[in-house]
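A closer look at the structure
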Amino acid sequence: QVQLVESGGGLVQPGGSLRLSCAASGRIFSIYCMGWYRQAPGKERELVARITSGGITNYKDSVKGRFTISLDNAKNTVYLQMNSLKPEDTAVYYCNAQTPEMVSYWGQGTQVTVSS
């Protein structure tokens, strides 16, 4: 089992920044990829960004150039730096960890609200 604990959500004005953190514990050696997903009210959960254990990243098109995902292997923590936030970024953000066998683990979610 892998446990994921997220932090860093909150309320921010448009154009502002937030950094989300997700600390992994448990069978972390089994993790191949970690990522951030988000779910807005009435919408499906969608991938925002992910990073493999080898450092390969990919992003949702609408966040490219604004969000950066990074991995601190020493701390078993993945970060999502979010800059130039827009109201449409408002959602619950979930951390995800995936094994090579495609087993997924999820964090509890953290609310991000972008509003003036």
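The following refers to the structure shown. (Residues numbered from 1 in each chain as written. Predicted model: local features only at pLDDT ≥ 70, side-chain atom pairs only at ≥ 80, totals over all residues. Heavy atoms only, no water.)

Observations regarding the overall build of the protein
Broken down by element type, the protein carries zero helices and 11 strands. Sequence-ordered secondary structure for the protein, helices as α and strands as β, is β-β-β-β-β-β-β-β-β-β-β. Relative to its length of 116 residues, the protein is compact, with a C-alpha radius of gyration of 13 Å against a globular reference of 13 Å. Its C-alpha atoms give the protein principal-axis dimensions of about 40 × 25 × 25 Å. Of all 116 residues assigned to the protein, the portion counted as buried reaches 41%. Once local pairs closer than 6 in sequence are excluded, the contacts in the protein between residues at least 24 apart make up 51%. (Helix = DSSP H or I, 4+ residues; strand = E, 2+ residues; numbered from the N terminus. Rg over C-alpha atoms; globule rule 2.2 N^0.38 Å. Buried < 20%, exposed > 50% of the residue type's maximum accessible area, 1.4 Å probe, protein only. Contact = heavy atoms within 4.5 Å.)

A few points about the pattern of salt bridges
In this structure the tally under the stated criterion is five salt bridges. Ionic pairing is found between Glu 46 and Arg 38, a salt bridge with its closest N-O pair at 2.8 Å. Across the pair Arg 38 and Asp 89 runs a salt bridge, and its minimum N-O distance is 3.0 Å. Residue Arg 38 is located in strand β4 (residues 33–39), and its partner Asp 89 is located in the loop between β8 (77–82) and β9 (91–98); the two are separated by 51 residues in the primary sequence. Summarising the burial analysis for this pair, Arg 38 and Asp 89 share the class buried. Taken together, the shared-partner salt bridges in this structure form one network comprising Arg 38, Glu 46, Lys 60, Arg 66 and Asp 89. (Salt bridge = Lys/Arg side-chain N within 4 Å of Asp/Glu carboxyl O.)

Here we look at the state of the cysteines
Evaluated as defined, the whole model comprises one disulfide. In this model Cys 22 forms its disulfide with Cys 95; the gap between the sulfur atoms is 2.1 Å. In this structure, the disulfide formed by Cys 22 and Cys 95 twists by about -85° around the S-S bond and is classed as left-handed. In this pair, Cys 22 is assigned in strand β3 (residues 18–26) and Cys 95 in strand β9, connecting sequence segments 73 residues apart. By relative accessible area, Cys 22 is classed as buried at 0%. (Disulfide = S-S within 2.5 Å.)

A look at the environment of Thr 57
Relative to the helices and strands, Thr 57 resides in strand β6 (residues 57–59). Once you skip the residues sitting within four places of it in the chain, Thr 57 turns out to touch Arg 50, Ile 51 and Ile 69.

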